[in-house]
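Observations on the model geometry
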There are 2 protein chains.
Amino acid sequence: MKRIITISREFGSGGRELGKRLSDELELPVYDHEIIEILAEEKKLAPEYVGSFSEKSFPLQYAATIANRFSVSYPVSSQQLRLISDQEKLIRKLAEHDCIIVGRAADVLLSGENPFNIFVYADMKSKINRCLERAKPDENLSEGALKSKIKKIARERADYHALFSDSPWGRKESYTLCVNTSGCEIKNLAPALAKYIESWFEARK
Amino acid sequence: MKRIITISREFGSGGRELGKRLSDELELPVYDHEIIEILAEEKKLAPEYVGSFSEKSFPLQYAATIANRFSVSYPVSSQQLRLISDQEKLIRKLAEHDCIIVGRAADVLLSGENPFNIFVYADMKSKINRCLERAKPDENLSEGALKSKIKKIARERADYHALFSDSPWGRKESYTLCVNTSGCEIKNLAPALAKYIESWFEARK
């Protein structure tokens, strides 16, 4: 059975680190920011430009174009629409082989693969602390500014997810396991989590 | 560090079995139905009577009596109110030592112990199948009747939980781990889950 793992995550909860650590534990490739880099390379575009559409809020009309219900009446360039579509194709292509994909609505896009869908979350204090620990020396973000950023990114991810699914981003019923990382170091949780994921795939053989 | 594990669970999702299996894996006592039996024995009451108040819907006025805001204006006997209060005391007493407690709002009652709170859930089809597999030969419950029963018990548990907490029963933010058991045998998941719980307690030492 193919082993596809998707990781949805709140900003600051350690989802990216969990992806890397599960990749080491399970010996599977992980695609997170790499998706932006591959797309930028393929399309000869700046990674920053691609990144600005990779998992951001987007006019909900795009969902309608997918359903072919009515045409886009929003000032969105065809290149921007194509990028989202290209990202979707790339995710499906990557998932032809066992892998871990972080974010970008992969849980919905790959539902036909029967993936192990993780949602990683934490309380606000833990998320702020995690961001502060990892901030660059010149960032100087206040706790208030970080809180706003965390909330803004949550809204963007929820909006992006809504392009592909009626089930809200973060609703536990859509995930195989919801992991609260509050007060925990990801490195201490990853090995046992990898074992759990292996058991789950074994159990469904 | 004390190891208290609470298991909240949707009816039919395998929470009771998970409690027993984690008890074996972690060598900790588990209290589920046992709570009713201990209370019935202490109070010299029929277990069936005690069980009818142990985790059921209950006039929300009880919450107000806890807060001492106003008196009860509901036809509830003092014995019934005392039973809920006695159950709360018993749960706190059991949690003086490492243990696993299933249901009965233990996640809220024991929040001061920094417990590992699990929420076990599954899709409706899996819950119905699980109930059918475990039904007594003379039960003869239709799928429709089972679905109604599953929904009714969910409402009762949510109501009972609301006596003690403003955070809704099943809201993932209140739990350390939310485990979706759809399509899985609990026995295949329990060993790795026990390892994850051990890691979590280690990580928080």
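Residues numbered from 1 in each chain as written. Chains lettered and ligands numbered in written order. Predicted model: local features only at pLDDT ≥ 70, side-chain atom pairs only at ≥ 80, totals over all residues. Heavy atoms only, no water.

Overlaying chain A on chain B yields an RMSD of 0.0 Å, the required transformation being a rotation through 180° with an accompanying axial translation of 0.0 Å. The superposition of one copy onto the other is thereby described by a two-fold rotation axis. Relative to the rotation axis, the closest C-alpha in chain A is found at C178 of chain A, a distance of 2.4 Å. Of the interface residues in chain A, 100% have counterparts in chain B that sit at the interface too, so the contact is made through matching surfaces. (Least-squares fit on C-alpha atoms with pLDDT ≥ 70 in both. Contact = heavy atoms within 4.5 Å.)

Residues and elements named next belong to chain B. Close contact between helix α3 (residues 47-54) and helix α5 (residues 78-94) brings their axes to 10 Å; oriented N to C, the two are set at 75°. As summarised for this structure, α3 and α5 are arranged roughly perpendicular, according to the angle between their axes. Across from Y49, V50, F53 and S54 in α3, the residues of α5 making contact are Q79, Q80, L83, I84 and Q87. In the contact of α3 with α5, the residues fall into five nonpolar, four polar and no charged. (Axes fitted to C-alpha atoms, helices over the stretch in contact; angles between N-to-C directions. Helix = DSSP H or I, 4+ residues; strand = E, 2+ residues; numbered from the N terminus. Parallel < 35°, antiparallel > 145°, perpendicular 65-115°, else oblique. Nonpolar A, V, L, I, M, F, W, Y, C, P; charged D, E, K, R; others polar.)

On the chain B side, the residues contacting the 25 residues of chain A number 25 residues. Carbon and sulfur atoms supply 59% of the area that chain A and chain B bury against each other, a total of about 2,100 Å² over both sides. By the criterion of area lost to chain B, the three top residues of chain A are Y121, K172 and Y196 of chain A, representing 27% of everything that side buries. Counting the contacts that link chain A with chain B gives zero salt bridges. (Buried area = accessible area lost by both parts, 1.4 Å probe. Salt bridge = Lys/Arg side-chain N within 4 Å of Asp/Glu carboxyl O.)

All names here are of chain A. Locating A154 in the fold gives a position in helix α8 (residues 143-162). On the accessibility criterion, A154 (26% relative accessible area) is partly exposed. A sequence separation of 38 residues divides A154 from F116, and the C-alpha atoms of the two residues are 21 Å apart. (Buried < 20%, exposed > 50% of the residue type's maximum accessible area, 1.4 Å probe, protein only.)

On to α3 of chain B, then. Taken together, the buried positions of α3 of chain B are V50, G51, F53 and S54 of chain B. Projected down its long axis, α3 of chain B carries its buried residues within an arc of 170°, all on one side. (Arc of directions from axis to C-beta.)

This part takes up the packing of aromatic side chains. Residues and elements named next belong to chain A. The full count for this structure, using the stated rule, is 16 aromatic pairs over all chains. Centroid distance F119 to W169: 5.2 Å. Interplanar angle 75°. Geometry classified as edge-to-face. Taken together, the residues span a long stretch of sequence, with F119 in strand β4 (residues 116-121) and W169 in the loop between α8 and β5 (177-180) at a distance of 50 residues. Of the two residues, F119 and W169, neither departs from the other in class, the shared state being buried. Ring centres of Y160 and F164 lie 5.4 Å apart, and the angle between their planes is 55°; this geometry places the pair in the tilted category. (Phe/Tyr/Trp six-rings, centres within 6.5 Å; stacked < 30°, edge-to-face > 60°.)

Another aspect to go through is the sheet that holds strand β5 (residues 177-180) of chain B. Strand order across the open sheet formed by 10 strands is β2(A)-β3(A)-β1(A)-β4(A)-β5(A)-β5(B)-β4(B)-β1(B)-β3(B)-β2(B), with mixed pairing between neighbours. The open sheet is flanked by β2 (30-31) of chain A together with β2 (30-31) of chain B, the only strands paired with a single partner. Looking at chain direction, strand β1 (residues 4-9) of chain A and β4 of chain A are connected through five bridges and run parallel. Within β4 of chain A, the residue paired with S8 of chain A across the bridge is F119 of chain A. The strands touched by helix α1 (residues 15-26) of chain B within the sheet are β1 (4-9), β2, β3 (99-102) and β4 (116-121) of chain B, with β1 of chain B carrying the most contacts at an inclination of about 160°. (Pairing = 2+ DSSP bridges.)

What follows covers a negative patch on the surface. Residues and elements named next belong to chain A. A surface patch of like charges, here negative, comprises D24, E25, E27 and E198. On the secondary structure map, E198 appears in helix α9 (residues 186-203). A relative accessible area of 32% means that E198 is categorised as partly exposed. (Patch = residues over 30% accessible without salt bridge, like charges linked within 9 Å, V, L, I, M, F, W, Y side chains within 5 Å. Areas by Shrake-Rupley, 256 points an atom, 1.4 Å probe, with all protein chains shown as cover. Lys, Arg positive; Asp, Glu negative; His and termini not counted. Charge placed at Lys NZ, Arg CZ, Asp CG, Glu CD.)

Moving on: the packing of α9 of chain A against helix α9 (residues 186-203) of chain B. Helices that pack against each other are described as a pair by the angle of their axes relative to one another and the distance between those axes. Across the interface, α9 of chain A lies against α9 of chain B with an axial gap of 8 Å and an inter-helix angle of 170°. In terms of axis orientation, α9 of chain A runs roughly antiparallel to α9 of chain B. On α9 of chain B, the residues that touch N188, L189, A192, L193, K195, Y196, S199, W200 and A203 of chain A of α9 of chain A are N188, L189, A192, L193, K195, Y196, S199, W200 and A203 of chain B. By residue class, the composition of the contact of α9 of chain A with α9 of chain B is 12 nonpolar, four polar and two charged.

Residue and element names in this part refer to chain B. Within helix α2 (residues 34-43), burial applies to I35, I36, L39 and A40. The buried residues of α2 occupy an angular sector of 130° when projected down its axis, which confines them to one face. Following α2 by one or two positions, K44 has its phi on the positive side, about 55°.

Glancing now at the nonpolar core. Counting 50 residues, the largest nonpolar core has I5 and L22 of chain A together with I5, L22 and I118 of chain B as the members making the most contacts within it. Those residues in contact with L22 of chain A that sit more than four places away from it in its chain are I7, E27, I100, I118, A190, L193, A194 and I197 of chain A. (Core = buried A, V, L, I, M, F, W, Y, C linked by side-chain atoms within 4.5 Å.)

This paragraph deals with the confidence of the model for chain A. Residues and elements named next belong to chain A. Of the residues in chain A, 89% reach a pLDDT of 70 or more, and the chain-wide mean stands at 88. Low confidence marks residues 60-65, where pLDDT is under 50. Its contacts with residues over four positions away, or in another chain, come to 14 contacts. Scored below 50 in pLDDT, residues 67-73 makes six contacts in the model with residues more than four places away or belonging to other chains. Across the whole predicted complex the pTM is 0.90, and at the interface the ipTM reaches 0.89. (pLDDT = per-residue confidence, 0-100.)

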